[in-house]
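# A structural walkthrough
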Amino acid sequence: MKLLLVFVLVIAVVAVAADSKKTTTTKKPTTTTTKKTTTKTTTTTTTAAPEPTCESVYQEDCNMYYTCAGNGRAVLEKCREGYIYYEPLHVCLPGDRETCSLYHV
């Protein structure tokens, strides 16, 4: 039994040796290059200007101001010619529209 086992082992070694002498062709490994792309996303949110209230000050023109309508909504009004809106007193007074300064008496 031991002799048979040794014989099988010798045949296996000879077979492996014979296979190692054969010329084998192996494929060249394929190389894959992956490029990582980063995308930056910018989101711009535009918020609508709040509705003016009766207490709002009109900042763009010293000749204009807000008054409160009967329904509680702010209405944009305009001072008459030669007047500017004077915020501390909430009235239109004589003044220079170019410089938004009151006339002195």
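Structure: above.
Everything quoted here is computed from the prediction, not taken from an experiment. (Residues numbered from 1 in each chain as written. Predicted model: local features only at pLDDT ≥ 70, side-chain atom pairs only at ≥ 80, totals over all residues. Heavy atoms only, no water.)

## Examining the packing of aromatic side chains
Inclusion rule: Planes of paired rings set the category: under 30 degrees apart is stacked, over 60 is edge-to-face and the rest tilted, where pairs are Phe, Tyr or Trp rings (Trp by its six-membered ring) whose centres lie within 6.5 Å. Helix and strand assignments come from DSSP, with helices taken as H or I runs of at least 4 residues and strands as E runs of at least 2, each series counted from the N terminus. Per-residue accessibility, obtained with a 1.4 Å probe over protein chains only, is compared with the maximum for each type, and a residue is labelled buried under 20%, exposed over 50%, and partly exposed between these values.
A complete count under the given rule lists two aromatic pairs for this structure. For the pair tyrosine 65 and tyrosine 85, a centre-to-centre distance of 4.6 Å together with 10 degrees between the ring planes defines the contact as stacked. With tyrosine 65 in strand β1 (residues 64–68) and tyrosine 85 in strand β3 (residues 83–86), this residue pair connects regions lying 20 residues apart in the sequence. The pair tyrosine 65 / tyrosine 85 is uniform in exposure class, with both members buried.

## Comments concerning the state of the cysteines
What we call a disulfide is simply a covalent bond connecting the sulfur atoms of a pair of cysteines. To keep things clear, this is the line we draw: Cysteine sulfur atoms are paired as a disulfide whenever they fall within 2.5 Å.
Scanning the model with the defined rule gives two disulfides in all. Residue pairing for cysteine 62: its cysteine sulfur links by disulfide to cysteine 100, the two sulfurs lying 2.1 Å apart. One disulfide, between cysteine 62 and cysteine 100, carries an S-S torsion of -85 degrees and so falls in the left-handed class. Taken together, the positions of cysteine 62 in the loop between α1 (2–21) and β1 and cysteine 100 in the loop between β4 (91–96) and β5 (101–102) put the pair 38 residues apart, joining distant regions of the chain. For cysteine 62, a relative accessible area of 15% puts it in the buried group. Cysteine 100 sits in the partly exposed class, given a relative accessible area of 40%. Cysteine 79 shares a disulfide with cysteine 92; S-S distance 2.0 Å.

## Comments concerning the pairing of β1
Filter applied, for reference: Strands are labelled as partners when DSSP assigns at least two bridges between them.
Across five bridges, the pairing between β1 and strand β2 (residues 74–78) is antiparallel. Paired with tyrosine 66 across the two strands is leucine 76, which belongs to β2. Counted along the chain from β1 to the antiparallel partner β2, the turn is five residues long, and its residue glycine 72 has a positive phi close to 85 degrees.

## So, the pattern of salt bridges
For clarity, the cut-off: Any carboxyl oxygen of Asp or Glu that lies within 4 Å of a side-chain nitrogen of Lys or Arg is treated as forming a salt bridge with it.
Scanning the model with the defined rule gives one salt bridge in all. Of the charged contacts in the structure, one is a salt bridge between arginine 97 and glutamate 81, with a shortest N-O distance of 3.5 Å. With arginine 97 in the loop between β4 and β5 and glutamate 81 in the loop between β2 and β3, the pair connects residues that are 16 residues apart, well separated along the chain. Given the relative accessible area of 26%, arginine 97 is considered partly exposed.

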